[in-house]
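# Reading the structure
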Amino acid sequence: MTAVYSVMWFIIAGFLLSLGLREQKIYMVFSIYFAFNGIWWGIAFFTKADMFHGTMGWIFRGITAIFLVIGVVYYYFYKKNNREE
């Protein structure tokens with residue numbers, strides 16, 4: 001099942017990258033996150049390493065939290081700028 005998740009994350013990353021080239025650049029930022037997810041799940045599949053527990057799990061959660069903060073801050077400023085216009 002981890003291989004399916006890895007492919008799914010790469011498909012979403014490609015879709016967001018194409019949206020980022022046409023629409024807003026924030027999609028390109030999140031395509032990096034989904035590509036990271038694809039790589040992370042791919043490593044878990046190919047190496048049978050436990051990538052979601054222990055230190056590696058905390059690294060994964062930290063990177064996810066960073067991208068979540070980026071998304072929330074972007075959403076806040078986007079809404080604030082649209083409200084002023």
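Below or above, wherever it landed, is the structure these notes cover. Per-chain numbering applies: the sequence of each chain, read as written, is numbered from 1 onward. Restriction of local features to residues with pLDDT of at least 70 applies here, the model being predicted, together with a cutoff of 80 or more for giving and counting side-chain atom pairs; totals for whole chains, interfaces and linings are based on all residues. Hydrogens and waters are ignored; side-chain quantities use all the structure's heavy atoms.

Segments assigned H or I by DSSP are reported as helices when at least four residues long, segments assigned E as strands when at least two residues long, and all are numbered from the N terminus. In terms of regular secondary structure, the chain is built from 3 helices and 0 strands. When the helices and strands of the chain are listed from N to C terminus, the series reads α-α-α. Radius of gyration: over C-alpha atoms. The globule rule applied is 2.2 Å multiplied by the number of residues raised to the 0.38 power. Scaling as 2.2 N^0.38, a compact globule of 85 residues should have a C-alpha radius of gyration of about 12 Å, whereas the chain reaches 15 Å, well beyond that. Seen through its C-alpha atoms, the chain measures out along the principal axes to roughly 50 × 25 × 15 Å. Residue exposure (1.4 Å probe, protein chains only): buried if accessible area is under 20% of the type maximum, exposed if over 50%, otherwise partly exposed. Across the 85 residues in the chain, those meeting the buried criterion constitute 26%. Any two residues whose heavy atoms approach within 4.5 Å at even a single point are treated as in contact. Nonlocal contacts in the chain, meaning residues at least 24 apart in sequence, comprise 49% of its contacts between residues at least 6 apart. Accessible areas in this description were obtained via Shrake-Rupley with a 1.4 Å probe; residue shielding takes into account the shown protein chains only. Carbon and sulfur atoms make up 73% of the accessible area of the chain, which totals about 6100 Å².

With that out of the way, let us pick up helix α1 (residues 2-22). Look at α1: 31 Å from first C-alpha to last across 21 residues, which is about the 30 Å you get at 1.5 Å a residue. Those residues of α1 that fall on the buried side of the exposure criterion are S6, W9, A13, L16, L19 and G20. Looking down the long axis of α1, one finds its buried residues gathered within 145° of arc, a one-sided arrangement. More than 90 degrees from the buried face of α1, the exposed residues found are I11, F15, L21 and R22. On its buried face, α1 is in contact with α2 (26-47). For a helix, the expected span equals 1.5 Å multiplied by the number of residues minus one. This arc is built from the directions going out from the helix axis to the C-beta atoms.

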